[in-house]
Amino acid sequence: RRVRAINTISASSHEHMATKVKEISSILRGKKVTRNMQVTDSGINSTTLNFCTLTAATKFVEQACEQIGNAENLIPAYSFGTVLVGIWQQNALFGELFLGQLH
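Residues numbered from 1 in each chain as written. Predicted model: local features only at pLDDT ≥ 70, side-chain atom pairs only at ≥ 80, totals over all residues. Heavy atoms only, no water.

A. Region of the structure containing the overall build of the chain. Helix and strand counts for the chain stand at 5 helices and 2 strands. Out of the 103 residues belonging to the chain, those deemed buried represent 37%. Taking contacts inside the chain between residues at least 6 apart in sequence as the whole, the part at least 24 apart equals 57%. As presented, the chain carries roughly 6400 Å² of accessible surface, and 56% of it is formed by carbon and sulfur atoms. (Helix = DSSP H or I, 4+ residues; strand = E, 2+ residues; numbered from the N terminus. Buried < 20%, exposed > 50% of the residue type's maximum accessible area, 1.4 Å probe, protein only. Contact = heavy atoms within 4.5 Å. Areas by Shrake-Rupley, 256 points an atom, 1.4 Å probe, with all protein chains shown as cover.)

Encoded structure:
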């Protein structure tokens, strides 16, 4: 439930992608995020945040493989990559875990 925002990344607009980066980065920093009148809170202890970060990195790898597997339309993969890099810039642990999940 906490990483549902990953499934909804699309190339609809720059604002959409910026919102996704902000939402996911906030969750991975332990901040509350309100979306569609629903509050998401990843918790306050470091173990919970680390678990959420690992889960997000795993989900990004799965979603990236799915996006690239659809070779007919790679446009969504570029927006997905843009959001991924935006999160990575704000959360080094996420980037390290993402790279680890690729191996």
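B. Representation of a nonpolar patch on the surface in the model. A grouping of Leu74, Ile75 and Tyr78 is seen on the molecular surface, where their side chains present a nonpolar patch of about 320 Å² in accessible area. Position of Tyr78 among the secondary structure elements: in helix H4 (residues 75-90). The exposure class of Tyr78 is exposed, given its relative accessible area of 57%. (Patch = residues over 30% accessible without salt bridge, like charges linked within 9 Å, V, L, I, M, F, W, Y side chains within 5 Å. Salt bridge = Lys/Arg side-chain N within 4 Å of Asp/Glu carboxyl O.)

C. Just the packing of aromatic side chains, in detail. This model, assessed by the stated rule, comprises 4 aromatic pairs. Ring centres of Phe60 and Phe80 lie 4.9 Å apart, and the angle between their planes is 40°; this geometry places the pair in the tilted category. Of this pair, Phe60 sits in helix H3 (residues 46-69) while Phe80 sits in helix H4; the two residues are 20 residues apart in sequence, bridging distant segments of the chain. Take Phe60 and Phe80: they sit in the same class, and that class is buried. Ring pairing ties together the aromatic residues Phe60, Phe80, Trp88, Phe94 and Phe98, which thus form one cluster. (Phe/Tyr/Trp six-rings, centres within 6.5 Å; stacked < 30°, edge-to-face > 60°.)

D. A look at the confidence of the model for the chain. Mean pLDDT over the chain: 82, with 86% of residues reaching 70 or higher. Looking across the chain, the model is least confident in helix H1 (residues 4-7), with a mean pLDDT of 62, and most confident in helix H5 (residues 92-102), with 94. (pLDDT = per-residue confidence, 0-100.)

E. Geometry of the environment of Gln101. Mapped onto the fold, Gln101 is located in helix H5. Once you skip the residues sitting within four places of it in the chain, Gln101 turns out to touch Leu54, Ala57, Thr58 and Val61.

F. Structural view of H4. Compared with an ideal rise of 1.5 Å per residue, which puts 16 residues at 22 Å, H4 spans 24 Å between its outermost C-alpha atoms and is within 8% of the ideal. Those residues of H4 not exposed but buried are Ala77, Ser79, Phe80, Val83, Leu84, Gly86 and Ile87. (Expected span 1.5 Å × (residues − 1).)

G. How the structure looks around the packing of H3 against H4. For the pair H3 and H4, the least separation of the axes is 9 Å and the interaxial angle reads 160°. When the axis of H3 is compared with that of H4, the two are roughly antiparallel. In terms of crossing hand, the pair formed by H3 and H4 is left-handed. Each of Phe60, Gln63, Ala64 and Gln67 in H3 lies in contact with H4, whose residues at this interface are Pro76, Ala77, Phe80, Val83, Leu84 and Ile87. When grouped by side-chain class, the residues that make up the contact of H3 with H4 number 8 nonpolar, 2 polar and no charged. (Axes fitted to C-alpha atoms, helices over the stretch in contact; angles between N-to-C directions. Parallel < 35°, antiparallel > 145°, perpendicular 65-115°, else oblique. Left-handed = near helix turned anticlockwise from the far one by under 90°. Nonpolar A, V, L, I, M, F, W, Y, C, P; charged D, E, K, R; others polar.)

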